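# Coordinate inspection notes
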Amino acid sequence: MSLPEPLTVMITHAIASHGGPRGAILEALRMVQHAEGWVSDERVADIAALTGMTTAEIDNLATFYSHIFRKPVGRHLVMFCDGASCWMNGGDKVAEAVKARLGIGFGETTADGRFTLLNTCCVGGCDHAPAAVTGRNRRLVGPLRADTLDGLLT
Ligand code: FES
């Protein structure tokens, strides 16, 4: 299967706008993820074919960024910060509570496909530490407490 026509058009435009394929790869990955929720091996191959780059080059970039998902994710993403400010403010205790409540570890999705829990370094809310980003609109939540996770998991 090849890229849907709208994605082909948008990525081709991105290549032209960024002075060539290398500058447009991250944007292409983001476009695919926005359209399909994640970036499959098939889409990596499609982007490689469209840009003239190798699948290894595309995959290297895709796996470098924690916000590019190389496997399907749940309907609700919880991107939990494990940066220094959050850790110093008790983030490890909150992380354990989140994992216990969901019954999954980092990098996993609940059996019902509802939640995917990811850890990431600094979500840009150090003044709200410990913090996380959740939902499709990437809402910043914090400061979190282990005994009040409802704002995070709803
Ligand atoms: S270290 Fe957690 S938001 Fe910055």
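A quick note: this is a predicted structure, and the numbers were derived from the prediction, not measured.

### Some details on the overall build of the protein chain
- When helices and strands are tallied, the protein chain shows six helices and five strands.
- Ordering the α and β elements of the protein chain from the N terminus gives α-α-α-α-β-α-α-β-β-β-β.
- Counting only C-alpha atoms, the protein chain reaches 50 × 30 × 25 Å along its principal axes.
- The buried share of the protein chain, taken over its 154 residues, is 29%.
- At a minimum sequence separation of 6, the contacts of the protein chain that also span at least 24 residues come to 55%.

### Considerations on the packing of helix α2 (residues 21-36) against helix α3 (residues 41-51)
- Running from N to C, α2 and α3 point in directions that differ by 145°, and their axes come no closer than 11 Å. Two packed elements cross with a definite hand, and for α2 against α3 that hand is right-handed. Seen from α2, the contacting residues are Pro 21, Ile 25, Ala 28, Val 32 and Glu 36; seen from α3, they are Arg 43, Ile 47 and Thr 51.
- Its residues assigned to classes, the contact of α2 with α3 comprises five nonpolar, one polar and two charged.

### Regarding the sheet that holds strand β3 (residues 115-120)
- Read across the open sheet, the five strands follow the order β2-β3-β1-β4-β5; overall the sheet is mixed. In this open sheet, the two edge strands, each paired with only one partner strand, are β2 (108-109) and β5 (139-141).
- Of the pairings in the sheet, the one linking strand β4 (residues 132-134) to β5 comprises three bridges and is antiparallel in character. Residue pairing for β5: Ala 132 is matched across the bridge by Val 141.

### Brief notes about the domain arrangement of the protein chain
- One can read the domain layout of the protein chain as domain 1 (5-64) and domain 2 (76-141).
- Relative placement of domain 1 and domain 2: their C-alpha centres are 27 Å apart.

### A closer look at helix α6 (residues 91-102)
- Here α6 spans 16 Å end to end across twelve residues, near enough to the 16 Å set by a 1.5 Å rise per residue.
- By the burial criterion, the buried members of α6 are Gly 91, Val 94, Ala 95 and Val 98. Buried residues along α6 cover an arc of 100° about the axis, so they all sit on one side. Opposite the buried face of α6, by more than 90 degrees, sit the exposed residues Glu 96 and Ala 100.
- Residues of α6 that are buried make contact with β1 (76-81), α5 (84-88) and β3.
- With its phi angle positive at about 75°, Gly 103 sits one or two positions after the end of α6.

Cut-offs and rules
Residues numbered from 1 in each chain as written. Predicted model: local features only at pLDDT ≥ 70, side-chain atom pairs only at ≥ 80, totals over all residues. Helix = DSSP H or I, 4+ residues; strand = E, 2+ residues; numbered from the N terminus. Buried ≥ 20, exposed ≤ 12 C-beta atoms within 10 Å, placed from the backbone. Contact = placed C-beta atoms within 7 Å. Axes fitted to C-alpha atoms, helices over the stretch in contact; angles between N-to-C directions. Left-handed = near helix turned anticlockwise from the far one by under 90°. Nonpolar A, V, L, I, M, F, W, Y, C, P; charged D, E, K, R; others polar. Pairing = 2+ DSSP bridges. Domains from an automatic or database assignment. Expected span 1.5 Å × (residues − 1). Arc of directions from axis to C-beta.

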